[in-house]
Amino acid sequence: MSSTTESAALPLQQRSGTFDHRVVTIPGDGVGPDVVAAARRVLDAAGSRFGFTIEWLEIAAGGCAIDAHGVAIREEDLQIADTADALLLGAVGGPKWDNPNASVRPEQALFALRTRYELFANLRPVTILPELYDASPLKPERLVGVDLMMVRELTGGLYFGKPSGEEVTPTGRQAVDTLPYHEDEIRRIAVVAFELARKRSKRLASIDKANVLATSRLWRKVVTEVGAEYPDVKLEHRLVDSTAMLLATWPATLDVIVTENLFGDILSDEAAVLAGSLGMLPSASLGTKRTTHGTFGLYEPIHGSAPDIAGKNLANPIGTILSGAMMLRESLGHVDAALAVEAAVAAAVRAGARTADLAGGADAAALKLAGLTLVGTREATDLIVEQVLSAKGGAA
Ligand code: IPM
Ligand code: MG
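Only a predicted model underlies this, so the values are computations on that prediction, with no experimental measurement involved.

Formed by 83 residues in total, the largest nonpolar core has its most connected members in L148, V151, L328 and I384. The greatest single-element share of this core, amounting to 8 residues, is contributed by helix 13 (residues 335–350). Shared between two domains, this core holds at least three residues of each, these being domain 1 (1–126 + 284–390) and domain 2 (137–275). Counting 23 residues, the second largest nonpolar core, distinct from the first, contains I66, A84, V92 and A109.

What follows is the structure, encoded as structure tokens:
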């Protein structure tokens, strides 16, 4: 997409007035380019229906950037990202760059972005369309009513604590990681979670390991203090280990969940399994930076780069398309368009479209007998675009 790189070189003023929003895409590795291209099409369709335009620029990050430039993301590309209202990322990484001891690794791009924009609030919603209950490992009756919003703290804790490293001691090798949390870091993520809970079921579960960890005890105190400002929200504290069990047994017990970085990483993957395929789920990482119409954010599907199916028209684009809907809502100020995109996805699934990840190993013929249609990335996207453009497709 050389045109996008060319326009990136133009001064900002030359573009203003032409487009309503600027989104920088970071397709990344594996299926990343497949799913980002799909989401772009859907967001442009939403723009044409709801009357706004998006200027798309593209930068390299992850393994492809390591191959091309020797680093996971270049400073000059981060400067292009600085000018965006939002970032849309596909996936980074793959077996080619998998050596955890390498000094340059694809996921460094994620950390660079999270740090640069202080993207401390990672939102990972998990909803399950009834038509997809069969794809989930849980029994359908356990899935009824599941509507989770995982709020993961993303810029603190073990991922960034110092000291961190390995050393050789007289008795053998030893490694250390450090888990620090400042009350301000806890407070701001708690506020995000309480605000979300207030707009949803008014229930918030704060997850910690307060029976063991000092950071968890501080977490509990600060979340409780913030809770005093939200008397309308019912706050409960839960331990992370039993919450892991609850998520896999009665997930509808939970609504908004707020937790620290590492617990959130683990619990959000566990929660994602409920949806039957990681390919369905979106995420948003938000920080302190504001845009004209909302909060600057980084949007990406939950799934990884799946290099085995890259470029084969096999990837499920829905996680990225729904990430695009989150972007419309949080960063671009188009709630109606976000609802229309979400409704369009639901309509395509309801109409029987299934990408391979949702087919449970069934081939096209077997699916057809069940009244379903095996579709590729492009066909699924065509259907969703069609729904977005049709006035029946949802809001408005
Ligand atoms: C995620 C991923 C990352 C994380 C990895 C790739 C560093 O697992 O976004 O959940 O742990 O934050
Ligand atoms: Mg993870």
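Let us look at the domain arrangement of the chain. By domain assignment, the chain separates into domain 1 (1–126 + 284–390) and domain 2 (137–275). Relative to domain 2, the C-alpha centre of domain 1 lies at a distance of 25 Å. Counting residues at the interface gives 15 residues for domain 1 and 21 residues for domain 2. Here domain 1 meets domain 2 over a buried area of about 1,600 Å², counting both sides, of which 64% is carbon and sulfur. When the buried surface of domain 1 facing domain 2 is broken down by residue, F120, R124 and V126 rank first, second and third, together holding 46% of it. Here domain 1 and domain 2 share 1 salt bridge between them. A salt bridge links R188 to E118; the nearest nitrogen and oxygen atoms lie 2.6 Å apart. At the surface where domain 1 touches domain 2, the tally comes to 6 residue pairs in polar contact (both at pLDDT 80 or more). In terms of residue count, the dominant contributor to the side of domain 1 that touches domain 2 is strand 4 (residues 121–127) (6 residues). Its residues assigned to classes, the side of domain 1 that touches domain 2 shows 8 nonpolar, 4 polar and 3 charged.

Inspection of the entire model under this criterion finds 5 aromatic pairs. Ring centres of F111 and Y159 lie 6.0 Å apart, and the angle between their planes is 70°; on these two criteria the pair is classed as edge-to-face. Of this pair, F111 sits in helix 6 (residues 108–116) while Y159 sits in the loop between strand 5 (147–153) and strand 6 (161–169); the two residues are 48 residues apart in sequence, bridging distant segments of the chain. Take F111: its relative accessible area is 27%, and that puts it in the partly exposed class. Above the plane of the ring of W250 lies R142, whose end atom (NZ or CZ) is 3.9 Å from the centre. We note K289 situated over the ring of F296; from NZ or CZ to the ring centre the distance is 4.3 Å.

So, how was this worked out
- Residues numbered from 1 in each chain as written.
- Chains lettered and ligands numbered in written order.
- Predicted model: local features only at pLDDT ≥ 70, side-chain atom pairs only at ≥ 80, totals over all residues.
- Heavy atoms only, no water.
- Core = buried A, V, L, I, M, F, W, Y, C linked by side-chain atoms within 4.5 Å.
- Buried < 20%, exposed > 50% of the residue type's maximum accessible area, 1.4 Å probe, protein only.
- Helix = DSSP H or I, 4+ residues; strand = E, 2+ residues; numbered from the N terminus.
- Domains from an automatic or database assignment.
- Contact = heavy atoms within 4.5 Å.
- Buried area = accessible area lost by both parts, 1.4 Å probe.
- Salt bridge = Lys/Arg side-chain N within 4 Å of Asp/Glu carboxyl O.
- Polar contact = N/O pair within 3.5 Å; in protein donor to acceptor, adjacent residues only side chain to side chain.
- Nonpolar A, V, L, I, M, F, W, Y, C, P; charged D, E, K, R; others polar.
- Phe/Tyr/Trp six-rings, centres within 6.5 Å; stacked < 30°, edge-to-face > 60°.
- Lys NZ or Arg CZ within 6 Å of the ring centre and 35° of its normal.

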